[in-house]
Amino acid sequence: MKGRKVIITGVPGVGKTTVITTAMEKLAAEGITYQAINFGSFMFEVAQKENIVKDRDEMRKLDRDTQKRLQQLASQAIANISGNVIVDTHASVKTPKGYLAGLPEWVLRGLMPDMIVLVETDNDQILMRRLSDETRVRDKEGSRSIDGHQQFNRSIAASYAMLTGCTVKIITNADHLLDVAVSEMVEALR
Ligand code: AP5
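Notes on the structure follow. (Residues numbered from 1 in each chain as written. Predicted model: local features only at pLDDT ≥ 70, side-chain atom pairs only at ≥ 80, totals over all residues. Heavy atoms only, no water.)

## What to know about the site of the ligand
Taken together, 27 residues lie near the ligand, and T17, T18, R56, H90 and R138 sit nearest. With respect to the ligand, the side chain of T89 contributes an N or O atom lying 2.8 Å from a nitrogen atom. If the ligand stood free it would expose 1000 Å²; the protein chains cover 84% of that surface. Among the elements of the structure, helix 1 (16-29) and helix 2 (39-49) are those that each provide at least two residues to the shell around the ligand. Of the residues contributing to the shell around the ligand, the split by class is 9 nonpolar, 11 polar and 7 charged. (Near = heavy atom within 4 Å. Polar contact = N/O pair within 3.5 Å; in protein donor to acceptor, adjacent residues only side chain to side chain. Areas by Shrake-Rupley, 256 points an atom, 1.4 Å probe, with all protein chains shown as cover. Helix = DSSP H or I, 4+ residues; strand = E, 2+ residues; numbered from the N terminus. Nonpolar A, V, L, I, M, F, W, Y, C, P; charged D, E, K, R; others polar.)

## Observations concerning the nonpolar core
Residues F39, M59, L103 and Y160 are the most contacted members of the largest nonpolar core, which totals 27 residues. Secondary structure elements with two or more residues in this core: helix 2, helix 3 (64-79), strand 3 (85-88), helix 4 (105-111), strand 6 (115-120) and helix 6 (143-164). Excluding anything up to four places from it in sequence, Y160 contacts A91, A101, G102, L103, L108, I116, G165 and C166. Residues V6, I146, I171 and V186 belong to the second largest nonpolar core, which totals 22 residues. (Core = buried A, V, L, I, M, F, W, Y, C linked by side-chain atoms within 4.5 Å. Buried < 20%, exposed > 50% of the residue type's maximum accessible area, 1.4 Å probe, protein only. Contact = heavy atoms within 4.5 Å.)

## A short note on the pattern of salt bridges
For the structure shown, the criterion picks out 15 salt bridges. Salt-bridge contacts for D139 lead to K61; the nearest nitrogen and oxygen are separated by 3.1 Å. Highlighted residues: D139 in the loop between helix 5 (123-131) and helix 6 and K61 in the loop between helix 2 and helix 3, separated in sequence by 78 residues. For D139, a relative accessible area of 27% puts it in the partly exposed group. Residue class for K61 comes out partly exposed when judged on its relative accessible area of 49%. One salt bridge connects R129 with D175, and the closest N-O pair in it is separated by 2.8 Å. In this pair, R129 sits in helix 5 while D175 sits in the loop between strand 7 (167-172) and helix 7 (178-189), placing the two residues 46 residues apart along the sequence. A residue is classified by how much of its surface remains accessible, and R129, at 22% relative accessible area, is partly exposed. (Salt bridge = Lys/Arg side-chain N within 4 Å of Asp/Glu carboxyl O.)

Below, the structure is given as structure tokens:
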């Protein structure tokens, strides 16, 4: 049976990985399994082998052609995975030269997702989550700029839906309401 391909996106620090991990535990208890793939980790492994980055946050600063090449390699590897797959990635990446489409046409054609999920929350909450995460080298960004990025992600998700016919689901992951976001994610992935 053909598996489902679901792409989960959201600006850095919104809590994509946290929501996915908890939702997958709940689904596994119901006998529904997904393989979760982190697109950024695929890209990072290649970039690290090539010695062009020290940490995953440096990838946003690579030149456009290098980022595109890394995207291509990751999408080829993911497209070949069978069964239910969740791809943890970015609708768009904020680079010094402007927004880069996280799922450009050649990536989408390989993946052909059934659904794209946008995980969102208030800009101030994202700002605070980034500030309290000492394990990462986050870009210095105010809440207005985070708002612009979240809005851009909605626009570009609409174009992905036009290209593939997938649905776009928006899930809010608010402070102290992780369980609500997880329930919505479980419902969407059932
Ligand atoms: P990636 O690893 O995906 O980076 P990221 O978006 O920075 O991911 P994070 O893991 O930091 O954020 P998250 O949203 O998963 O939040 P988390 O659950 O950790 O990608 C790395 C890089 O790869 C990108 O920068 C890019 O360069 C590249 N890349 C990836 N995809 C690409 C693509 N398609 N094309 C080109 N490049 C690509 O949570 C964050 C914090 O919030 C945690 O402390 C958590 O405890 C807390 N939290 C979560 N939920 C709640 C809640 N409800 N209440 C309170 N706190 C909460």
